[in-house]
Amino acid sequence: MSYRAARRLSPIVLLLFPALWGWLGLLNNVSGFSGTRDFAVRPMLEMSDTYGNPAQTWRAVTAPWAATVALVAITAAEALAGLFSTIGIIRLIGARGGSGETFDAAKTAGIYGCLLAILVWGIGFMVIAGDWFLSWQSESSIDGQLGGMIYALPSMLALVVLLLPEPPDGR
């Protein structure tokens, strides 16, 4: 296998992370919607499993509809990350034999997929759930913030690889 072929295979393989996680997130959230809402999203939003410090828990969201809206938004973002990443994979496979310009242009959908993945898993799970809603304080489930990190990191790496321009000599 040539350097050029290996270089072009790299973003395709890395896009499998946000693509598969996006589709599996959609499948898991739809098939177990009420359980995920009631046992993961609602307790996190209500901050019911934190240290209970009133100086921090004022930010809890207890509206009965909030967990449903949040889970729908999470599911939509994960599905869109999966969709855009899948489109990116398909376009990159189709452009892998073309010019550097053609291959770079085919990266656009994958870049959007990675950005959505970073928004939902990095910003949503790691930052908002982790530090705004203090899920890191949970004794029973710190999985949201750790899971966000595990999902966001490969998406961040894929984004970096996608942003590398093709060499002008076509190598």
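The rules behind each value
Residues numbered from 1 in each chain as written. Predicted model: local features only at pLDDT ≥ 70, side-chain atom pairs only at ≥ 80, totals over all residues. Heavy atoms only, no water. Core = buried A, V, L, I, M, F, W, Y, C linked by side-chain atoms within 4.5 Å. Buried < 20%, exposed > 50% of the residue type's maximum accessible area, 1.4 Å probe, protein only. Helix = DSSP H or I, 4+ residues; strand = E, 2+ residues; numbered from the N terminus. Contact = heavy atoms within 4.5 Å. Phe/Tyr/Trp six-rings, centres within 6.5 Å; stacked < 30°, edge-to-face > 60°. Lys NZ or Arg CZ within 6 Å of the ring centre and 35° of its normal. Lys, Arg positive; Asp, Glu negative; His and termini not counted. Salt bridge = Lys/Arg side-chain N within 4 Å of Asp/Glu carboxyl O. Polar contact = N/O pair within 3.5 Å; in protein donor to acceptor, adjacent residues only side chain to side chain. Axes fitted to C-alpha atoms, helices over the stretch in contact; angles between N-to-C directions. Left-handed = near helix turned anticlockwise from the far one by under 90°. Nonpolar A, V, L, I, M, F, W, Y, C, P; charged D, E, K, R; others polar.

1. Observations regarding the nonpolar core
1) Next: Residues L15, I89, L92, C114, L159 and L162 are the most contacted members of the largest nonpolar core, which totals 15 residues.
2) Next: Sorting the residues of this core by element identifies α1 (3-14), α5 (66-95), α7 (108-132) and α8 (143-163) as the ones contributing at least two each.
3) Next: The contacts of L92, once residues within four sequence positions are left out, are P11, I12, L15, F103, A106, K107 and L162.
4) Next: Of all hydrophobic cores here, the second largest spans 10 residues; its members include V41, M47, A66 and L134.

2. A few points about the packing of aromatic side chains
1) Next: Here the structure, examined in full by the defined rule, presents 7 aromatic pairs.
2) Next: With a centroid separation of 4.2 Å and 5° between ring planes, the pair formed by W21 and Y151 is classed as stacked. You can see W21 sitting in helix α2 (residues 16-31) and its partner Y151 sitting in helix α8, a full 130 residues away along the chain.
3) Next: For Y151, a relative accessible area of 29% gives the class partly exposed.
4) Next: Ring centres of W121 and Y151 lie 5.2 Å apart, and the angle between their planes is 85°; on these two criteria the pair is classed as edge-to-face. Taken together, the residues span a long stretch of sequence, with W121 in helix α7 and Y151 in helix α8 at a distance of 30 residues.
5) Next: Every member of this aromatic cluster is reached through a ring pair, and the members are F17, W21, W121 and Y151.
6) Next: When the ring centre of W132 is taken as origin, the NZ or CZ atom of R59, which lies over that ring, is 5.0 Å away.

3. Side note on unusual backbone geometry
1) Next: Positive phi values are uncommon outside glycine, yet M47 reaches one of about 55°.
2) Next: Looking at the element boundaries, M47 is found in the loop between α3 (33-46) and α4 (54-57).
3) Next: One non-glycine residue, L134, adopts positive backbone phi at about 55°.
4) Next: In this structure, L134 sits in the loop between α7 and α8.

4. What about the side chain of E78?
1) Next: Assignment of secondary structure puts E78 in helix α5.
2) Next: Although E78 is buried, it forms no salt bridge, and the closest oppositely charged side chain is R37 at an N-O distance of 15 Å.
3) Next: A polar side-chain atom of E78 sits 2.9 Å from a polar atom in the side chain of N29.
4) Next: Once residues lying within four places of it in the same chain are set aside, the contact partners of E78 are G22, G25, L26, N29, V120, W121 and F125.

5. Topic: the environment of A6
1) Next: Along the chain, A6 turns up in helix α1.
2) Next: In sequence terms A6 and W65 are 59 residues apart; their C-alpha atoms lie 48 Å from each other.

6. A look at the packing of α2 against α5
1) Next: Closest axis-to-axis distance for the α2/α5 pair is 7 Å, and the angle between their directions is 145°. Along this stretch, α2 crosses α5, giving a crossing that reads as left-handed. Here α2 contributes L16, P18, A19, G22, W23, G25, L26, N29 and V30 to the contact with α5, which in turn contributes L71, I74, T75, E78, A79, A81, G82, L83, S85, T86 and I89.
2) Next: By residue class, the composition of the contact of α2 with α5 is 12 nonpolar, 7 polar and 1 charged.

7. Points about the pattern of salt bridges
1) Next: Considering all chains together, one arrives at 6 salt bridges under this definition.
2) Next: We note a salt bridge from D38 to R37, for which the minimum N-O separation is 2.9 Å.
3) Next: For R37, a relative accessible area of 18% gives the class buried.
4) Next: E46 is the salt-bridge partner of R42, the closest N and O atoms lying 3.9 Å from each other. A residue pair is termed a helical-turn pair when its members lie 3 or 4 positions apart in one helix, as R42 and E46 do in helix α3 at 4 residues.
5) Next: Judged by relative accessible area, which is 22%, R42 ranks as partly exposed.
6) Next: In this structure E46 comes out as partly exposed when scored by relative accessible area, which is 30%.
7) Next: Through salt bridges with shared partners, a single network forms among R37, D38, R42 and E46.

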